[in-house]
Amino acid sequence: MWPAGKRCAVAFTFDFDAEEAILADDPGNAQRPGVLSQGTYGAKVAVPLILDLLATKGVTATFFVPGRVAERHPGRVTDIVAAGHEIAHHGYTHTSPSELTRDEEDTELAKGLEVLRSFGAEVSGYRSPAWDFSANTEDLLVEHGFRYSSNFMDDLMPYRRGGSGLVELPVQWTLDDAAHFWFDAASWNKKISTAEEVRQIWEGEFRGYHRLGGAFILTMHPQIIGRPYRMELLEAFIDFVLGHDDAWVATCSGIAARVL
């Protein structure tokens, strides 16, 4: 499945949620600028740091972007596209499809596509907010011309979904920075992992994907991974992956194309 001489595939992906995930969780947060500032950091500080690091390492990534984030931070999305990275759909708002009617979900997909395509980018992939599908999601993705999804956790290899023919690029909470670093302000009882702990987990998982020939899809959020200490983790992990000459680093659309 992979290019000649390559044993596994790796995609560095970023869910560029900025303020939108916070607003979708509770619209009342629009009146809480201090709470929103956690997301603003992602656009204001983290995305430039990430783009600089990716450029230094020669890595092309995939950014999943909600339409409203692109409207709120068009300069950042322009920077992402200008740097040659892929942008993909992550909802218009950061609302789970399971909470929407079919018409509402259809509108979310259409509005998000319209906004993202206005940046001159081809948009072929979809990652749901919360990695959640409704009974209508798959049919709607086909209707809107998507070629791949990155939402399910049922395999180590990409595959074509029965019925729709969509390519699925499987993900996993273990390979998501939020699962390790997200702070639960409501309870104050969730431990924030150290970068060393997460690096050990990601490197261990990578070794397994490399051995088995899978597609390692790493999911990160600029406002989470983009802290200085964690950027050191990201740089070290990129170096670790690049140290394997038989690991193929690609965008999600590039990996999906190998399946198609």
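Worth saying up front: this structure is predicted, and the values here are computed from it rather than measured. (Residues numbered from 1 in each chain as written. Predicted model: local features only at pLDDT ≥ 70, side-chain atom pairs only at ≥ 80, totals over all residues. Heavy atoms only, no water.)

**Q** Explanation requested: the overall build of the chain in the structure shown.
**A** Tallying secondary structure elements over the chain gives 11 helices and nine strands in all. In terms of C-alpha radius of gyration, the chain reaches 17 Å, essentially the compact-globule figure of 18 Å for 260 residues. Considered along the principal axes of its C-alpha atoms, the chain spans approximately 50 × 45 × 35 Å. Put simply, the chain has 260 residues, and 54% of those count as buried. Restricting to contacts in the chain with at least 6 residues of sequence separation, those with at least 24 account for 70%. Accessible surface for the chain amounts to roughly 11200 Å². Of this, 50% is attributable to carbon and sulfur atoms. (Helix = DSSP H or I, 4+ residues; strand = E, 2+ residues; numbered from the N terminus. Rg over C-alpha atoms; globule rule 2.2 N^0.38 Å. Buried < 20%, exposed > 50% of the residue type's maximum accessible area, 1.4 Å probe, protein only. Contact = heavy atoms within 4.5 Å. Areas by Shrake-Rupley, 256 points an atom, 1.4 Å probe, with all protein chains shown as cover.)

**Q** Help me understand unusual backbone geometry in this model?
**A** One can expect most non-glycine residues to show negative phi and most peptide bonds to be in trans. In the Ramachandran plot, Ala18 falls in the positive-phi region, its phi being about 45° despite a non-glycine side chain. Residues other than glycine seldom take positive phi values, yet Trp131 does so here, at roughly 50°. For Trp131, the position within the fold is in the loop between strand 4 (125-126) and helix 6 (137-143).

**Q** What is the right way to read the pattern of salt bridges from this model?
**A** Opposite charge on two side chains permits pairing when their charged atoms draw close. Applying the stated criterion across every chain, the model contains 12 salt bridges. Of the charged contacts in the structure, one is a salt bridge between Glu20 and Arg68, with a shortest N-O distance of 3.3 Å. Of the two residues, Glu20 sits in helix 1 (residues 20-25) while Arg68 sits in helix 3 (residues 67-72), which places them 48 residues apart along the sequence. On the basis of relative accessibility, which here comes to 28%, the residue Arg68 falls in the partly exposed class. Measuring nitrogen to oxygen at the nearest pair gives 2.7 Å for the salt bridge that ties Arg199 to Glu203. One end of the pair is Arg199 and the other is Glu203, both in helix 8 (residues 195-212) and four residues apart, which spans about a single turn. The exposure class assigned to Arg199 is partly exposed, which follows from its relative accessible area of 36%. Several salt bridges share partner residues, and in doing so they unite Glu19, Glu20, Arg68 and Arg72 into one network. (Salt bridge = Lys/Arg side-chain N within 4 Å of Asp/Glu carboxyl O.)

**Q** For this particular structure, what's the right way to read the nonpolar core?
**A** The nonpolar side chains of a soluble globular protein tend to be buried with one another. Core analysis: the biggest nonpolar cluster contains 56 residues, and Phe12, Phe14 and Phe63 have the highest contact counts within it. In terms of residue count, the dominant contributor to this core is helix 10 (residues 228-242) (seven residues). Once you skip the residues sitting within four places of it in the chain, Phe12 turns out to touch Val59, Ala61, Thr62, Leu218, Met220, Phe237, Ile238, Val241, Val249 and Ala250. (Core = buried A, V, L, I, M, F, W, Y, C linked by side-chain atoms within 4.5 Å.)

**Q** Is there a simple way to think about helix 2 (residues 33-57) in this case?
**A** Every α-helix carries 3.6 residues per turn, so stepping three or four residues along brings you back to the same face. Between its first and last C-alpha atoms helix 2 spans 35 Å; for 25 residues at 1.5 Å apiece the expected length is 36 Å, and the two agree. Where helix 2 bends most, the angle comes to about 45°, and this point is Ala46, followed within four residues by the proline Pro48. Elements that come into contact with the buried residues of helix 2 comprise strand 1 (8-15), helix 1, strand 2 (62-65), helix 4 (74-82), helix 9 (222-225) and helix 10. One or two positions beyond helix 2, positive phi appears at Gly58, with a value near 70°. (Expected span 1.5 Å × (residues − 1). Bend = angle between axes of the 7 residues up to and from the residue.)

**Q** What should I look at first to understand the packing of helix 8 against helix 10 in this one?
**A** A pair of packed helices is captured by two measures, namely the crossing angle of their axes and the spacing between those axes. Viewed as axis vectors pointing N to C, helix 8 and helix 10 meet at an angle of 20°, and their least axial separation amounts to 10 Å. If you check the angle between helix 8 and helix 10, you find them roughly parallel. In the packing of helix 8 onto helix 10, the handedness of the crossing is right-handed. Residues Ala195, Glu196, Val198, Arg199, Trp202, Glu203, Phe206 and Arg207 of helix 8 touch helix 10, and the partners they reach there are Tyr229, Leu233, Ala236, Phe237, Phe240 and Val241. The residue makeup of the contact of helix 8 with helix 10, split by class, is 10 nonpolar, no polar and four charged. (Axes fitted to C-alpha atoms, helices over the stretch in contact; angles between N-to-C directions. Parallel < 35°, antiparallel > 145°, perpendicular 65-115°, else oblique. Left-handed = near helix turned anticlockwise from the far one by under 90°. Nonpolar A, V, L, I, M, F, W, Y, C, P; charged D, E, K, R; others polar.)

**Q** Help me understand the side chain of Arg161 in this model?
**A** Secondary-structure assignment places Arg161 in the loop between strand 6 (159-160) and strand 7 (167-168). Side chain to side chain, Arg161 and Tyr159 meet in a polar contact 3.2 Å long. (Polar contact = N/O pair within 3.5 Å; in protein donor to acceptor, adjacent residues only side chain to side chain.)

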